[in-house]
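Here is what each chain is made of, one letter per residue.
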Amino acid sequence: AQSVTQLGSHVSVSEGALVLLRCNYSSSVPPYLFWYVQYPNQGLQLLLKYTSAATLVKGINGFEAEFKKSETSFHLTKPSAHMSDAAEYFCAVTASGNTGKLIFGQGTTLQVKP
Amino acid sequence: NAGVTQTPKFQVLKTGQSMTLQCAQDMNHNSMYWYRQDPGMGLRLIYYSASEGTTDKGEVPNGYNVSRLNKREFSLRLESAAPSQTSVYFCASWDTINEKLFFGSGTQLSVL
C-alpha cells in the first residue's frame, strides 16, 4: 500500500534562505509523486510532479524536487525563500498510476520570517 | 474557465441534520473526487467517480453518499451529520492528459 510521510509539521526560514521540505513515500508500484501548495482559505494547486521521467523536477515559483528511489524520498527545495511562499505544502503519491486517487502526507506549514 | 466550483463555501449544521455539497467542473474531465482535510491528517479521499455513471468508496466513506449527476457534476451528501464530520471538504477533478488534480476552493463545514 502507498503512504507518504512529511517530516516536520512546521518549518520556519528567513526570507532569502534555503527552503527544504521533506517527503518520504512508500509504494508497491512505480510512483507518481506530487507537491501541492495551499494558500490560506484556498484550494490546493500543483507545484510540481514526478511521473517517471526526469528525476529532478522543476515546478512553479522556483521550486524543485528530486526523486530518489534508493532513499524513497521526494524532497521539495527552493534556493531563496520569499514572503509569498508562506503556505501549507502537501506531498502526495498516487494509489495507482494516472489517477486522481492520491494519498497525501500530513502537510508542512512554511513560515517565512522577514 | 471557472475550473472546479463548489457550493456552499461555509455551512453550520446541527447533529442529525442533512445536507448536500455541490461540485461542478467545466474542463470535461472524466474523473471527480471528494476529499476531506483535517488538521495534521492531510487530505483523505471520501469517494470518487472514475467516469459518468460510476462511483466508488475511498479511504473514509462512512457517513457519506455521492451522486455523479452527469459528467460535470458530482455531489456529496451527509444524511445525518455528526460532529466527527466537521472538516473542510474539497472537490477535485483529474486531468488525464496533464496528470494533475484540479481542486475547488473548499467547503468549511461545522457540525455542532
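It should be noted that the structure appears before, not after, this text.
An account of the accompanying structure is given in this report. (Residues numbered from 1 in each chain as written. Chains lettered and ligands numbered in written order. Predicted model: local features only at pLDDT ≥ 70, side-chain atom pairs only at ≥ 80, totals over all residues. Heavy atoms only, no water.)

**Quick notes on the environment of B:Leu109**
Residue and element names in this part refer to chain B. Just so we agree on the cut-off: Numbering of helices and strands runs from the N terminus; a helix is a DSSP stretch of H or I covering at least four residues, while a strand is a stretch of E covering at least two. Classification of residues uses two cut-offs on accessible area relative to the type maximum, computed with a 1.4 Å probe and protein chains only: under 20% is buried, over 50% is exposed, and between them is partly exposed. Should any heavy atoms of two residues lie within 4.5 Å, those residues are counted as being in contact.
Looking at the secondary structure, you find Leu 109 in strand 11 (residues 107–111). Classification of Leu 109 as buried rests on a relative accessible area of 1%. Each C-alpha atom, one on Leu 109 and one on Pro 61, is 16 Å from the other, the two residues being 48 residues apart in sequence. Apart from residues no more than four positions distant in its own chain, Leu 109 is found in contact with Gln 11, Leu 13, Met 19, Leu 78, Gln 85, Thr 86, Ser 87 and Tyr 89.

**Structural notes on the state of the cysteines**
Basically, it comes down to this: We call a pair of cysteine sulfur atoms a disulfide whenever their separation is within 2.5 Å.
If you walk through the whole model with that rule in mind, you get two disulfides over all chains. The partner cysteine of A:Cys23 in its disulfide is A:Cys91, sulfur to sulfur 2.0 Å. With the S-S dihedral at roughly -65°, the linkage between A:Cys23 and A:Cys91 falls on the left-handed side. Highlighted residues: A:Cys23 in strand 3 (residues 19–26) and A:Cys91 in strand 9 (residues 87–94), separated in sequence by 68 residues. Disulfide pairing is shown between B:Cys23 and B:Cys91; the S-S distance is 1.8 Å. Sign of the S-S torsion, about -75° for the bond between B:Cys23 and B:Cys91, identifies this disulfide as left-handed. Of this pair, B:Cys23 sits in strand 3 (residues 19–25) while B:Cys91 sits in strand 9 (residues 87–95), and the two are 68 residues apart along the sequence.

**Description of the side chain of B:Ser49**
Residue and element names in this part refer to chain B. Let me state the cut-off plainly: By the criterion applied in these results, polar contacts are pairs of N or O atoms within 3.5 Å in which, for protein atoms, one can donate a hydrogen and the other can accept it, and in which residues neighboring in sequence qualify only through two side-chain atoms.
Along the chain, Ser 49 turns up in strand 5 (residues 42–49). When its relative accessible area of 0% is taken as the criterion, Ser 49 is described as buried. Here Ser 51 takes part through its backbone oxygen, which lies 3.0 Å from a polar atom of the side chain of Ser 49. In this structure the side chain of Ser 49 is engaged in a polar contact, spanning 2.7 Å, whose partner is the side chain of Arg 68.

**So, the nonpolar core**
Residues and elements named next belong to chain A. This is how it is decided: The term nonpolar core refers to a set of buried residues drawn from Ala, Val, Leu, Ile, Met, Phe, Trp, Tyr and Cys, joined through side-chain atoms within 4.5 Å.
Residues Trp 35, Leu 47, Leu 48, Phe 74, Leu 76 and Tyr 89 are the most contacted members of the largest nonpolar core, which totals 27 residues. Secondary-structure elements contributing two or more residues to this core are strand 2 (10–14), strand 3, strand 4 (33–38), strand 5 (44–50), strand 7 (64–68), strand 8 (73–78), strand 9 and strand 11 (108–113). In this structure, Leu 48 is in contact with Leu 33, Phe 34, Trp 35, Val 57, Lys 58, Gly 59, Phe 63, Glu 64, Ala 65, Phe 74 and Leu 76, ignoring residues within four places of it in sequence.

**What to know about the side chain of B:Glu99**
Our working definition: A positive count includes Lys and Arg, and a negative count includes Asp and Glu. His and the chain ends are not counted in either. When a carboxyl oxygen of Asp or Glu lies within 4 Å of a side-chain nitrogen of Lys or Arg, that pair is called a salt bridge.
Relative to the assigned elements, B:Glu99 resides in the loop between strand 9 and strand 10 (100–103). For the buried B:Glu99, no salt bridge is present, and the opposite-charge side chain at shortest range is A:Lys49, 4.1 Å distant. Polar contacts involving the side chain of B:Glu99 include one to the side chain of A:Tyr32, which spans 3.2 Å.

**Notes on the environment of B:Trp34**
Residues and elements named next belong to chain B. Examined against the element boundaries, Trp 34 turns out to sit in strand 4 (residues 31–38). For Trp 34, a relative accessible area of 0% puts it in the buried group. For Trp 34, the side chain forms a polar contact with the main-chain oxygen of Phe 74, separated by 3.1 Å.

**Comments concerning the interface of chain A and chain B**
Basically, it comes down to this: Using a 1.4 Å probe, buried area is obtained as the accessible area two parts lose upon being combined, added over both of them.
At the interface, 20 residues of chain A touch 19 residues of chain B. For the chain A and chain B pair, buried surface summed over both sides reaches about 1,600 Å², with 53% attributable to carbon and sulfur atoms. The tally of links from chain A across to chain B stands at eight residue pairs in polar contact (both at pLDDT 80 or more). Sorting the residues of the side of chain A that touches chain B by element identifies strand 4, strand 5, strand 9 and strand 10 (102–104) of chain A as the ones contributing at least two each.

The analysis is restricted to geometry; functional conclusions fall outside its scope.
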